[in-house]
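# Secondary and tertiary structure notes
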Amino acid sequence: MKSITWRDTSQTSHTILSKTAALRLFGKHPAGFFLRLNRQIWEIIPADVRKSYLIRAYGAWLQSLARLVETRRQYFGTFFFRNRPALELMRRLADEKAKGSTLRIAVLACSAGAEVYSILWTIRLARPDLKVLVCAVDISTEILNFAEKGIYAPDTCELVGCSIFERLTAHETEQMFDWEGDQARVKPWLREGITWRLGDASSPELIHVLGPQDIVVASNFLCHMEPLVAENCLRNIAGLVGRGGYLFVSGVDLEVRAKVAHELGWQPIPELLAEIHDGDPDLRGGWPLCWWGLEPLNHRRRDWQMRYAAAFQIHS
């Protein structure tokens, strides 16, 4: 008798999910109704109960279904200081640079610019001696022009779909911007050294255009791509990292990131790993019923560091 392996079980589960997602009743997905029903149920499950093995496994199954049913699409919503632990790790890595040296950073899918200015605020306050050069890349001309101006107002939320100031402290709100009425303009010292460039993170040409970088940030856009497309894009992004440089990549299907990291021999950075994983409450809160949601960190997995690390050092 043939033994049943984990791989057989996984493939069977995926087949069942695919068939469920393909079903239609009166032109609609029954799976969509099932997910909406489970959203209501999930919200009333106590937080401690959600940590149990069975509930986590069911949550993983729900997210797999959501990824098959939902249509992935890009969002421009963002925040200043979206993931503070990740910024802190960048600060520590920048602190390793020699006095007066140059630090090259590429921020891909820079959206409205909040991430770019947050990185520069963090590093320049800590190391004003460094020459920090940032190349901010996005595929949208409209959003890129908006980011370059560095002017934010209450109606900014209409463009990015959220309150971009939501995670700022009162001190940061005052020190990062020059205010004119209800308009906030990023201070000149934060806008220096930035090159805003229209580009596609999946294009091989980007490597030749930007050149090797000390730090590459590719956050919160790969999860909106289909897995194979995201995987190919991530492999291309890795080519931007100079030898011994660092790649920050979050907001991506964990299976995609872990596969590419393993095959290309990336070294996960254990420092602040768990803090960065939980550093964006939006991503964590989206699990398990949104395709972009981030599952809870599970130390019981043998591959937990490779699976959950969002920062890697690349030696090749």
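Residues numbered from 1 in each chain as written. Predicted model: local features only at pLDDT ≥ 70, side-chain atom pairs only at ≥ 80, totals over all residues. Heavy atoms only, no water.

## Topic: the overall build of the protein chain
Scanning the protein chain for helices and strands turns up 16 helices and 10 strands. Across the 316 residues of the protein chain, 48% fall into the buried class. Counting only contacts in the protein chain whose residues sit at least 6 apart along the sequence, the fraction spanning at least 24 positions is 78%. Carbon and sulfur atoms make up 55% of the accessible area of the protein chain, which amounts to about 16,500 Å² in all. (Helix = DSSP H or I, 4+ residues; strand = E, 2+ residues; numbered from the N terminus. Buried < 20%, exposed > 50% of the residue type's maximum accessible area, 1.4 Å probe, protein only. Contact = heavy atoms within 4.5 Å. Areas by Shrake-Rupley, 256 points an atom, 1.4 Å probe, with all protein chains shown as cover.)

## Things to note about the confidence of the model for the protein chain
Should the pLDDT be low somewhere, the predicted coordinates at that spot are not to be read in detail. The predicted model of the protein chain averages 88 in pLDDT, with 87% of residues at 70 or higher. In this model, residues 1-14 is a region of pLDDT below 50 whose contacts with residues beyond four sequence positions or in other chains number five contacts. (pLDDT = per-residue confidence, 0-100.)

## Comments concerning a nonpolar patch on the surface
A cluster of nonpolar residues, Phe33, Leu37, Ile41 and Ile44, forms a patch on the protein surface that exposes about 410 Å² of accessible area. In this structure, Phe33 sits in helix H2 (residues 30-44). (Patch = residues over 30% accessible without salt bridge, like charges linked within 9 Å, V, L, I, M, F, W, Y side chains within 5 Å. Salt bridge = Lys/Arg side-chain N within 4 Å of Asp/Glu carboxyl O.)

## Topic: the environment of Ser203
Locating Ser203 in the fold gives a position in the loop between strand S6 (194-198) and helix H11 (205-210). Spatially, the C-alpha atom of Ser203 lies 7.2 Å from that of Asn236, the residues being 33 residues apart in sequence.

## Comments concerning the sheet that holds strand S5 (residues 183-186)
Overall, antiparallel pairing links the three strands, which are arranged S3-S5-S4 in an open sheet. The sheet is open, and its two edges are formed by strand S3 (151-152) and strand S4 (177-180), each paired on a single side. (Pairing = 2+ DSSP bridges.)

## Let's talk about helix H6 (residues 114-126)
For H6, spanning 13 residues, the distance from its first C-alpha to its last is 19 Å, which sits close to the expected 18 Å at 1.5 Å a residue. All of the buried residues in H6 are Ala114, Val116, Tyr117, Ser118, Ile119, Leu120, Trp121, Thr122, Ile123 and Arg124. (Expected span 1.5 Å × (residues − 1).)

## Here's the deal with the pairing of S5
On S5, burial follows the alternation: Ala184 and Val186 on one face are buried, whereas Gln183 and Arg185 on the facing-out side are not. Where S3 and S5 come together, two bridges link them in antiparallel fashion. Looking at S5, one finds that Ile151 is bridged to Arg185. By the bridge criterion, four bridges tie S4 to S5 in an arrangement that is antiparallel. Bridge pairing in S5 places Phe177 opposite Val186.

## Concerning the sheet that holds strand S9 (residues 267-268)
For sheets, the rule is that strands pair by backbone hydrogen bonds, running either parallel or antiparallel. A sheet is described by the order of its strands in space; here seven strands give the open sequence S6-S2-S1-S7-S8-S10-S9, paired in mixed fashion. Because the sheet does not close on itself, it has two edges, and the strands there are S6 and S9. Here strand S7 (residues 213-218) runs beside strand S8 (residues 241-248); their pairing, made up of four bridges, is parallel. The residue of S8 that forms the bridge with Gln213 is Val241. Strands strand S2 (131-138) and S6 of the sheet are contacted by helix H7 (residues 141-149), whose axis makes an angle of about 170 degrees with S6. (Axes fitted to C-alpha atoms, helices over the stretch in contact; angles between N-to-C directions.)

## Concerning the packing of helix H12 (residues 227-238) against helix H13 (residues 254-264)
Where H12 contacts H13, the axes come no closer than 10 Å and their chain directions differ by 40 degrees. One way to sum up the angle between H12 and H13 is to call them oblique. Considering how the two elements wind past one another, H12 and H13 form a crossing that is right-handed. Across the interface between the two elements, Pro227, Ala230, Glu231, Leu234, Arg235 and Ala238 from H12 touch Val256, Arg257, Lys259, Val260, Glu263 and Leu264 from H13. In terms of residue class, the contact of H12 with H13 is made up of seven nonpolar, no polar and five charged. (Parallel < 35°, antiparallel > 145°, perpendicular 65-115°, else oblique. Left-handed = near helix turned anticlockwise from the far one by under 90°. Nonpolar A, V, L, I, M, F, W, Y, C, P; charged D, E, K, R; others polar.)

## Considerations on the nonpolar core
By size, the foremost hydrophobic cluster in this structure holds 47 residues, and its most contacted members are Phe80, Ile105, Val116, Tyr152, Met176, Trp196 and Phe248. With seven residues, the top contributor of residues to this core is H6. With residues near it in sequence (within four places) discarded, Val116 still touches Val107, Cys110, Val134, Ala136, Ile194 and Trp196. Of all hydrophobic cores here, the second largest spans 36 residues; its members include Leu234, Val260, Leu273 and Ile314. (Core = buried A, V, L, I, M, F, W, Y, C linked by side-chain atoms within 4.5 Å.)

## Things to note about the pattern of salt bridges
Enumeration according to the criterion identifies 21 salt bridges in this entry. For Glu88, the salt bridge goes to Arg91, with nearest N and O atoms at 2.8 Å. On the criterion of helical spacing, the pair formed by Glu88 and Arg91 is a turn pair, its members being three residues apart in helix H5 (residues 84-94). For Glu88, a relative accessible area of 25% gives the class partly exposed. A relative accessible area of 26% places Arg91 in the partly exposed class. The closest approach of N and O atoms between Arg167 and Asp282, which form a salt bridge, is 3.5 Å. Taken together, the positions of Arg167 in the loop between helix H8 (157-160) and helix H9 (170-176) and Asp282 in helix H15 (residues 281-285) put the pair 115 residues apart, joining distant regions of the chain. Looking at Asp282, the relative accessible area reads 34%, which means it is partly exposed.

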